Amino acid sequence: MEPATWTFIILGAAMIAFISSKVPLAVVAGGVVLALWATGVRSLPEVFEGFADPTVVFIVSLFIVIESLEASGITAWLANFVVNRAGTSRTRLVLVIGVAAGMLGAFISVSGTVGALLPVVVIVTKKAGMLPSKMLIPLAFLASGGSVLTLTASPVNIVVSQAASDHGGRQFGYFEFALAGIPLVVITILIVLLAGDRLLPDRSPESIAAPDPTAHAKRLREDYRMDVSTGALYTVEEGVAEVLVAPHSSLIGRHVLPGMTTPDDGLVVLGVRRGDHAGPLVRESEETEERFELRAGDAVLVQGPWAALERYAGSQDVIAVTPPQSLQRAVPLSRKYKRTLFIFAAMILLLVTGVVPTAIATMLAAGALIVTKVVRLPTVYRAVPWSIVILVGGMIPLSRAFVDTGSADIVADLVLGNLGAASPYLALLVICVISMVLGQFMSNLATVLVMLPIAVAIAGSTGASIQPFMMGLAVCGAASFITPVATAGNLIVMRAGGYHFGDYWKLGLPLMVVYLGIAVLYVPLIWPF
């Protein structure tokens, strides 16, 4: 069987597996790799080249940067900033997040935009009493809309602009894309506002935002009958942690008294509580010399430096009720925030100017954050979503095989053979529809590169201007909304939102119709045939 035929079969099987949601995404990606090698479509080195692709490096590095933003308290500060101005109103939050995603997406990549705003959106939705799943897919889609606002917002824009100049047209101006991009962002925000609740799923994420220190401190004050403020419990330098005495712990049988310190870490015991809640409660304010004999399951409240709390909570003698790390990152602006901000700003500058490739910019930032001890290696390993890494690495060889085996040429010949000298509107419609279909399983750049020669040939055969075809491709190239594998931005929000593979299409399909209408009906009005 021909390699092109095998490629179509493998692509079809992967689509069915993805849509069914019965097989883990990473397993499907691994199956694609094995199938490409077993059928001879790709050689052994070629089927694994996706794991060394810059996109994979970018995603891994980006999640390290996201972790540092959370660990340093920057995202907590930003979330408070947004909530203080937008309140907890869903309408105002959608507007603020939508404008922020569109503006940031106009100057850095979709992935960079989603990565920068994701932790903020998760915390903001939690404070507003919303599920992150109601806002994270819109974040990814709005970032894609922002990529059609400026020339450098996406590599696709640069490619189509140069192609227009090379084939009898002219290059697009830097902000000329905004003539198409602004309606896309505005309509996307309106659809999210009007129908987002119905079109977006109620999902519980795998990892949730850090707890609210104010609410957590209130509970501790009630449980341990303490008359202290939240500011006294949680500061940049110190915090409190509630731990349970583990079964078979070496602490069992020891006598404690509020005000004592732990021998190894120097943490201060603020209060002790029987595990069954039926026994006595001992707290610092009690003037008693009676010592409390610890039993398995007893709760102990300790206070001290964050690093010491983390070490203590990680010992085998106790079980942390809430990990200190999650509480620390909920405290706005820790003492590491300045170096984190500096490194993050440098990364954004590199992404905007394009001095180095995107993957190098994020890799430099991630390395700097590790070297400066903003994040530790064990935390880094936990922060990276390895299932997503496997998914991207496994699908890249399939995308390349679609071009290398001539599968793309088969599609091109089929389109040209059936259109002939058709109306330029019909030709643009067909090109856009095919681009959108391919774009759900290929990168937008790969999709546009496949469709570019087809669009050029059709524009030439119909005698139409190349400009609307190129702008139409740019618009449809950004309409990757049906599947999580369509863009890195869609993948990045998947774990944080707790999404399934089939959760994207309900909002994505109406948006694709909007993008198609803008590309086919609106674009020719601004850039006539």
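Located above this text is the structure these notes cover.
Reading guide: rules and limits
Residues numbered from 1 in each chain as written. Predicted model: local features only at pLDDT ≥ 70, side-chain atom pairs only at ≥ 80, totals over all residues. Heavy atoms only, no water. Helix = DSSP H or I, 4+ residues; strand = E, 2+ residues; numbered from the N terminus. Buried < 20%, exposed > 50% of the residue type's maximum accessible area, 1.4 Å probe, protein only. Contact = heavy atoms within 4.5 Å. Areas by Shrake-Rupley, 256 points an atom, 1.4 Å probe, with all protein chains shown as cover. Expected span 1.5 Å × (residues − 1). Axes fitted to C-alpha atoms, helices over the stretch in contact; angles between N-to-C directions. Parallel < 35°, antiparallel > 145°, perpendicular 65-115°, else oblique. Left-handed = near helix turned anticlockwise from the far one by under 90°. Nonpolar A, V, L, I, M, F, W, Y, C, P; charged D, E, K, R; others polar.

A. Examining the overall build of the chain more closely. Assigned secondary structure in the chain consists of 24 helices and 7 strands. Burial status across the chain gives 54% buried among its 529 residues. A separation of at least 24 residues holds for 76% of the contacts in the chain among residues at least 6 apart in sequence. With the model as given, the accessible surface of the chain reaches about 22400 Å², and the carbon-plus-sulfur share is 64%.

B. Structural view of helix H4 (residues 54–71). Here H4 is 18 residues long and its end C-alpha atoms lie 26 Å apart, about the 26 Å a rise of 1.5 Å per residue gives. Judged by how many residues are buried, H4 sits mostly within the fold: 15 of 18 residues are covered. Of the residues flanking the end of H4, it is Gly-73, one or two places downstream, whose phi is positive at about 85°.

C. How the structure looks around unusual backbone geometry. Its identity as a non-glycine residue notwithstanding, His-248 has a phi of 65°, on the positive side. Within the fold, His-248 resides in the loop between strand E1 (238–245) and strand E2 (255–256). Phi at Lys-373 takes a positive value of approximately 65°, unusual for a residue other than glycine. Relative to the assigned elements, Lys-373 resides in the loop between helix H16 (358–371) and helix H17 (377–383).

D. Structural context of the packing of helix H6 (residues 90–105) against helix H10 (residues 178–199). Closest axis-to-axis distance for the H6/H10 pair is 10 Å, and the angle between their directions is 150°. Considering the angle they form, H6 stands roughly antiparallel to H10. As for the relative orientation of H6 and H10, their crossing is right-handed in sense. Where H6 abuts H10, its residues Arg-90, Thr-91, Val-94, Leu-95, Gly-98 and Val-99 lie against Val-185, Ile-189, Val-192, Leu-193, Gly-196 and Asp-197. Classifying every residue of the contact of H6 with H10 by side-chain character gives 7 nonpolar, 3 polar and 2 charged.

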